[in-house]
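# Structural characterization, general
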Amino acid sequence: MTIDTKLPFDQEYVVNFSKENSEPAWLSELRINALASAEQLPLPKPDKTKINKWNFTQFDSHVVKSEIYQSLSELPEQAKALVDMDATNQSLYIQRNTTPAFLTISEELKANGVIFTDIFTAAREHGDLLQKYFMKNGVKVDEHKLTALHAALMNGGIFLYVPKNVEVKEPIQAIFVHDDASLNLFNHVIVVVEDNSKVTYVENYVSTVDSANGIFNIVTEVIANPNSKVQYGAVDTLAKGITTYVNRRGVANKDARIEWALGLMNDGNTISENTTNLMGDGSFGDTKTVVVGRGEQVQNFTTSVVHFGKHSEGYILKHGVMKDSATSIFNGIGKIEHGASKSNAEQESRVLMLSEKARGDANPILLIDEDDVTAGHAASVGRVDPLQLYYLMSRGIPKTEAERLVIHGFLAPVVQALPIEGVKKQLTAVIERKVK
Amino acid sequence: MAGSTLTIKELHVEIDGKEILKGVNLEVKGGEIHAIMGPNGTGKSTLSSAIMGHPKYEVTSGSIALDEQDVLEMEVDERARAGLFLAMQYPSEINGVTNADFLRSALNAKLGEGNEISLMKFIRTMDKQMDFLEMDQDMAQRYLNEGFSGGEKKRNEILQLMMLQPKIAILDEIDSGLDIDALKVVSKGINEMRGEEFGCLIITHYQRLLDYITPDFVHVMMQGRIVKSGGPELAQRLEAEGYDWIKQELGIEDETVGQEA
């Protein structure tokens, strides 16, 4: 069977779109080439999930112009809950559909020369710097149809750049608000942290519409240069009906650390790839992911840590709860390349099933091309342990509350790892709502 | 009113289709401490699990009542809220749920909606009881029983006992795996609970726990029944002479369940 693979936007459109945004020539060119590639390249092949019938390419609208937010008080409630409304000196970007709608930057960021801006402004004002990193060492344009399409049609996102020897103390926050059902989002987040620097970044994708048919194609690139540290938190809560491809990738150079805490709570079909490439000796990658699937959702979560550097360490922890008729594949891949001696790859995937019809597969994969390494994996798929419920109930806790405690406890390791209190609370509330 | 009464009559219990208890009769009143002793495999732990409502144990006949209430008609959590408590031999480990959150949920479930304990008062009470049981304060914030040593788990069971203040507590081999110091602490906790309002059923293999907690009544279980009852002197005789004399007296060759006299 074939589906229509002709793309809805042509070269002329892409050229004009780039021009309207006053993009530098390199970006225009990159988009044009990417569009040509998108027509040729195949879809990605997430292991154990067939997506050839999913619609990633047919849609009508590309830009949804929205009003900007004059102040935080104009935010929708779902976004307000994430923000410290009283903070006077925070770093916060809010995008409304494809419009950069709010930006505030702390004194700390300004004083240290940190760049934190929407992707269009970044292309105009920091074009050379952006070009150096944009889809170069992280996610490449030509990987498959969706990365190419992403590059051709990128219509939102941010650039965060931390220069050498800067330790940003306060977390930097971004919120992507989706309040227009006609939105199709090609969002690109790029975080570059130079030598010896540190940053914590947290993002939320929030739908305020109950359902939509949009296509979300999200790419994140984190470049951690030597001896830097990046903590990256994300909570995705996109509405039912949205088809999402989200690729979050990190590159850790010598002695750099990348720590992910991802709450993947979309209500639509989702393909999520999260890869950390441990390029440098002594680099470190840690991925914590929680997932709740419900309704008829089909999802694939592939988490990889690839070791190139010697003495590199990679950890994957993934906990998922599946209810109703939701189907999820949890692929965990620890790959140690030849030469990455003394490396350690550990992973743990656990899936809790709350209904008979739900499906969850945990596939731990270790690919090791080097002798002198250590590696380990653990995986399980099961139901709420009746003995745990019995124990809690034997102290007077009613069954529903006991189940709630066990489920929250099961997801707690990732929730606790999120560095912003409001986001932590929101994720807890989302979990509460979804597992009820 | 001086405490509650747990009344067990002709209790028969099966697990996986195999009958383990074959007619147990027992009454525990507020103010009384009972000890059930007996070798392994005679049905002691089954009795405690059946009283609490463990999902694997099926009561096939007989009755359990707490005062006027039919315990067998209640869910596990209702039994607890009615005033029963079981200190388990193998407490579950629950990842991600802190000891303090768990205890507060349990306490609030007992107090009921609108009567919840204030956070400050809860913390004060918990701190005090943990001090009393010589527990590290950090155990409040550790995940429930996760990575606890055997002794820590047992202390934690007693901490729950002291926090929840049940009417009738069953202690299932609370002394197994404890060193002498931990045993003393655990005993101290149970003795602290002693009073007219509190009845207790201690299940144990060993006399040594009864050196620290003097029982009012001692029962011996064999073949799924209580075969002998007496006062504290019975426990001392068992310690000195073992169980053989009872077996001889009753003509029992194999005391474990499934063997008939």
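What counts and what doesn't
- Residues numbered from 1 in each chain as written.
- Chains lettered and ligands numbered in written order.
- Predicted model: local features only at pLDDT ≥ 70, side-chain atom pairs only at ≥ 80, totals over all residues.
- Heavy atoms only, no water.
- Pairing = 2+ DSSP bridges.
- Helix = DSSP H or I, 4+ residues; strand = E, 2+ residues; numbered from the N terminus.
- Contact = heavy atoms within 4.5 Å.
- Axes fitted to C-alpha atoms, helices over the stretch in contact; angles between N-to-C directions.
- UniProt positions renumbered as here; feature names shortened; annotations may be inferred.
- Buried area = accessible area lost by both parts, 1.4 Å probe.
- Salt bridge = Lys/Arg side-chain N within 4 Å of Asp/Glu carboxyl O.
- Polar contact = N/O pair within 3.5 Å; in protein donor to acceptor, adjacent residues only side chain to side chain.
- Buried < 20%, exposed > 50% of the residue type's maximum accessible area, 1.4 Å probe, protein only.

### Overview of the sheet that holds strand S5 (residues 69-70) of chain B
Strand pairing in a sheet takes place through backbone hydrogen bonds and is either antiparallel or parallel in direction. All names here are of chain B. Strand order in the open sheet made by the four strands is S2-S1-S4-S5, with antiparallel pairing throughout. Edge positions in the open sheet fall to strand S2 (18-29) and S5, since each of these has one partner strand only. Each of strand S1 (5-15), S2 and strand S4 (57-66) touches helix H1 (residues 44-52); the most contacted strand, S1, lies at about 110 degrees to it.

### Re the UniProt feature "domain: ABC transporter" (unreviewed entry) in chain B
With numbering aligned to this structure, UniProt lists the feature "domain: ABC transporter" (unreviewed entry) at residues 6-248 of chain B. Helix makes up 36% of residues 6-248 of chain B and strand 30%, and the two end C-alpha atoms of the span are 31 Å apart.

### Considering the interface of chain B and chain A
Frequently, the measure chosen for interface size is the accessible area that the parts lose on association. If you look at the interface, chain B gives 30 residues, while chain A gives 19 residues. Overall, the association of chain B and chain A removes approximately 2000 Å² of surface from exposure, summing both partners, and the carbon and sulfur fraction of that is 66%. There are one salt bridge connecting chain B and chain A. The residue Arg-395 of chain A makes a salt bridge to Glu-157 of chain B at a minimum N-O spacing of 2.6 Å. At the surface where chain B touches chain A, the tally comes to nine residue pairs in polar contact (both at pLDDT 80 or more).

### What to know about the pattern of salt bridges
Pairing between side chains becomes possible if they bear opposite charge and their charged atoms approach one another. All names here are of chain B. Evaluation of the coordinates by the stated rule reveals 34 salt bridges over all chains. Across the pair Asp-77 and Arg-81 runs a salt bridge, and its minimum N-O distance is 3.0 Å. Linking Asp-77 with Arg-81, this pair stays in helix H2 (residues 76-82), spanning four residues, or about one helical turn. Taking the relative accessible area as the measure of exposure, Arg-81 reaches 32% and is therefore partly exposed.

### With respect to unusual backbone geometry
Residue and element names in this part refer to chain A. At Asn-97, a position not held by glycine, the phi torsion is positive, near 55 degrees. With respect to the helices, strands and loops of the structure, Asn-97 is situated in the loop between strand S1 (91-96) and strand S2 (99-104). The backbone of Asn-227 shows a phi angle near 65 degrees, a positive value even though the residue is not glycine. If you trace the backbone, Asn-227 turns up in the loop between strand S8 (215-224) and strand S9 (229-237). For Asn-227, a relative accessible area of 45% gives the class partly exposed.

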